[in-house]
Amino acid sequence: MGSGPFTDTDADGDAAEVADSDAGPTPAVVSVILVVVILGFSFEPGVVLPRPAAVPMLLLQLATCLPSTWRLRGAWTLAAQILLTPWSGLPGFLGASVLLVVERPVRWALFTVVVLAAGPLAPGDGSVHSVLNGIGNALAHGLIIYALTRLTDLYAELRATRGALARARVTAERERAGRDLDAVLGTALAEITRLAGQGRRAAGELVRVARAATERVRAAPPAQSADGADIPSGGLAPRLVWPIVVATHLEYLIVGTAFLLGTGVRGGRVVAYAAALAAVVGLQAYHSLPRPPGVRPPYVAWTLGVQLALALGMLAAPDGPYPQLVGFAAASVLIVLPGRTAWPAAGALTILAAIVTLLRRDGPGAGGTVLLLLDIVVIALVFHGLALLTGLVHQVREARGALVALAVARERRRIARDVHDLLGYGLSAIALKGELAVRDPDRERADRHMADAVALADQALADLRAIPGEGPKLTLSEEVASARKVLAAAGVVVQVRGVLDQVDGMSGALFATVLREAVTNVLRHAAGARRCEVDFGPGLLRVADDGRVVPRPSGEQGGRAGPGGNGLRNLRERAAALGGVLEAGPAPHGRGYVLTVRLESAPVSTVG
């Protein structure tokens, strides 16, 4: 038929359609964020070049985290990192690997052990600040690398399983449709079979049941939502990111406060510096909270302005610059501003921090400024990466949900179209047989009409049960033979011209469906019809009758009068799916009706 059931190819095509409308970067591009953050974390605070053991530690971390190499992740990589940690100065890498490799619930206990052990291993003078800084860095690095890895994995998984989810939802929709169809029409067909078994005396009731079922299948399909319940809800990314955002910002606030207390600043100035630190970090956490793509934090103009003012103000503090706060401000700029504005603005902030730091007499000098700039860049990229990946996961989840809704809506439409086009014929023929049994004075012929009704009901029931699956397999030769028999019973002579064997398989399935609907319309709408002509040509089918068009009752969604009925609309969709067109309307001489389907291979001239 022109529009078959949902297939793997349909899933891939719909996935491409959704992807085109809401495209996101490939998993390989997303992995760049993860690589940049891991590279930034591989540099120890205050150290220009990493330790030699940091290089294999870095390579193992990349192998553990990247989607393309995650299969290497396991006990051996974790054991190697355990051995390298004391000499690499990167306990945060080990913490992230523990969270990624070790099973629940042991992973969090081991992660805590790694974080606490990082304090004594931290470089420095053993002061409270250096110990807290080591613990804080291990905590922040481990949580952030873990979060970015999980988000990257989730992003790749969601993109890869869009088609599979759509196929699963379509399968569930078919099962639901099968139950509903069997409950409604299956019951009617079973009742028709029972009535037919009672013989001529039940023919009138059989006609009533068949007519009622016919109107039901030919009515407009009920509107059903294809979203909401069909799309799996999932808050994995926000659940993962929320605590990590809060924990990493809290860690930086604690370590920063300890640093301020260790500088010897006293009185109101330390309170002012701590308040500024808390405000900048708190506003950064506010800007970093998970939100759907394109949704900016409320009052962002004020919150970003205050954060920028405080961060830049700390550069001019009389007790020494605190340029790391500019990294938080730059991260907020990258998160809340459009890309074309965000990157130049973040770059300008970084350059401004470098200039101010170099111009200060009490500054750290050129070498120290380079390290401070590296801190700024890493901080900005880390929190921007978290926000970006969270948004991308949300975006691809929305795209996957849109694909599911599109696939389910398409399958619902396909089922409704098949029910209308395929079952209407059988039910109309059953009603005709019942009417003939009522009118025929010969009991033997009347019984044959009732037996034909039973056979038609059995065939309709088989079609009904096939529709939710792969759909009934119609053949043109069988439909032509059935049209001759059914129309002959109604007193209509069928004349067939053309060679059926010249019609290919796809065209034949379409023509069989169109012919079945045309015969149904002759039975229901062509009063006084005595002749029906069926003409076949290369890529062409023409069905014409000489009946008088019966106006449709008010509210009936018929398939003959006018372009808006379900019958003609369905047939046009089927023809269009094969690149063809369908034309329907009154015959040129004023009596009768002509229905023509022309595919691309058909000649321009008409037949008949």
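Since this is a predicted model, take the numbers as computed values, not measurements.

1. A closer look at the overall build of the chain
- Of regular secondary structure, the chain possesses 19 helices and seven strands.
- Looking at the chain as a whole, 50% of its 608 residues are labelled buried.
- When contacts within the chain are restricted to residue pairs at least 6 apart in sequence, long-range pairs at least 24 apart make up 75% of them.
- Surface exposure of the chain reaches about 26900 Å², of which carbon and sulfur atoms provide 63%.

2. With respect to the packing of aromatic side chains
- For the structure shown, the criterion picks out four aromatic pairs.
- One aromatic cluster is present, formed by Trp 108, Phe 111 and Tyr 146 through successive ring pairs.

3. Some details on the pairing of strand β4 (residues 540–545)
- Counting buried positions along β4 gives six out of six residues, so the element sits mostly inside the fold.
- Alternating residues of β4 divide into Leu 540, Arg 542 and Ala 544 and Leu 541, Val 543 and Asp 545, and every residue in both groups is buried.
- In the sheet, strand β3 (residues 531–537) pairs with β4 via six bridges, with the strands oriented antiparallel. Each bridged residue has a counterpart across the sheet, and for Cys 532 the counterpart in β4 is Asp 545.

4. Section: the pairing of β3
- Burial of β3 is extensive: five of the seven residues sit out of reach of the surface.
- Bridging between strand β1 (residues 493–497) and β3 involves five bridges; their strand directions are parallel. Within the sheet, the bridge partner assigned to Val 496 lies in β3 and is Val 534.
- The antiparallel pairing of β3 with β4 creates a hairpin that spans two residues between the two strands, and Gly 539 there sits at a positive phi of about 65°.

5. Considering the sheet that holds β3
- The strand order across the open sheet formed by five strands is β1-β3-β4-β7-β6, and the pairing between neighbours is mixed. Each edge of the open sheet carries a strand with a single partner, namely β1 and β6 (581–586). On average, each strand axis in the sheet is tilted by 10° relative to the strand beside it, whichever way the strands run.
- The pairing of β6 with strand β7 (residues 593–598) spans six bridges and is antiparallel. Residue pairing across strands places Pro 586 opposite Tyr 593, the latter belonging to β7.
- Contacting β1 and β3, helix α17 (residues 476–489) crosses the sheet at an angle of about 155° to β1.
- Across the sheet, helix α18 (residues 505–525) is in contact with β3, β4 and β7; its angle to β4 comes to roughly 10°.

6. A few points about the side chain of Gln 81
- Assignment of secondary structure puts Gln 81 in helix α4 (residues 75–88).
- Polar contacts involving the side chain of Gln 81 include one to the side chain of Ser 97, which spans 2.4 Å.
- Each residue touching Gln 81, except ones within four places of it in the same chain, is listed here: Met 57, Leu 60, Gln 61, Thr 64, Phe 93, Leu 94 and Ser 97.

7. Remarks on unusual backbone geometry
- Going from Arg 104 to Pro 105, the amide bond is cis rather than trans, its omega being -15°.
- Residue position: Pro 105 is located in the loop between α5 (91–101) and α6 (106–121).
- Notably, Tyr 299 is not glycine yet its phi reads approximately 60°, a positive angle.
- By the secondary structure assignment, Tyr 299 is in the loop between α11 (268–288) and α12 (300–315).
- Residue Tyr 299 is classed as exposed on the basis of its relative accessible area, which comes to 65%.

8. Describing α5
- Along α5, 10 of the 11 residues are buried, which leaves the element largely enclosed by surrounding structure.
- Every buried residue of α5 is accounted for by Pro 91, Gly 92, Phe 93, Leu 94, Gly 95, Ala 96, Ser 97, Val 98, Leu 99 and Leu 100.

9. Quick notes on the confidence of the model for the chain
- For the chain, mean pLDDT is 79; residues scoring 70 or higher make up 84% of the total.
- The secondary structure element of the chain with the lowest average pLDDT is helix α1 (residues 8–21), at 46, and the one with the highest is α5, at 93.
- The model gives residues 15–23 a pLDDT under 50, and that stretch makes 11 contacts with residues more than four places away or in other chains.

Cut-offs and rules
- The numbers attached to residues start from 1 for each chain and follow its sequence in the written order.
- For a predicted model such as this one, the threshold for reporting local features is a pLDDT of at least 70, and the threshold for listing and counting side-chain atom pairs is 80 or more; totals across whole chains, interfaces and linings nevertheless cover every residue.
- Hydrogens and waters are ignored; side-chain quantities use all the structure's heavy atoms.
- Helix numbering and strand numbering both begin at the N terminus, where a helix is a DSSP run of H or I of at least 4 residues and a strand a DSSP run of E of at least 2.
- For the exposure calls, accessible area comes from a 1.4 Å probe over protein chains only, and a residue counts as buried if that area is under 20% of its type's maximum, exposed if over 50%, partly exposed in between.
- In what follows, a contact means two residues having at least one pair of non-hydrogen atoms within 4.5 Å.
- Every accessible area reported is derived by Shrake-Rupley at a probe size of 1.4 Å, with residue values counting cover from the shown protein chains alone.
- Aromatic rings from Phe, Tyr and Trp, with only the six-membered ring used for Trp, were paired whenever their centres fell within 6.5 Å, and each pair was classed as stacked if the ring planes differed by under 30 degrees, edge-to-face if by over 60, and tilted otherwise.
- One bridge is not enough; two strands pair if DSSP finds at least two bridges between them.
- The convention used is that axes are lines fitted to C-alpha atoms, helices contributing only their stretch in contact, and that angles between N-to-C directions extend from 0 to 180 degrees.
- The term polar contact refers here to a pair of N or O atoms within 3.5 Å; inside protein, the definition further demands a hydrogen-donor-capable atom paired with an acceptor-capable atom, and it admits residues adjacent in sequence only when both atoms are side-chain atoms.
- As a per-residue measure, pLDDT tells how confident the predictor is, with possible values from 0 to 100.

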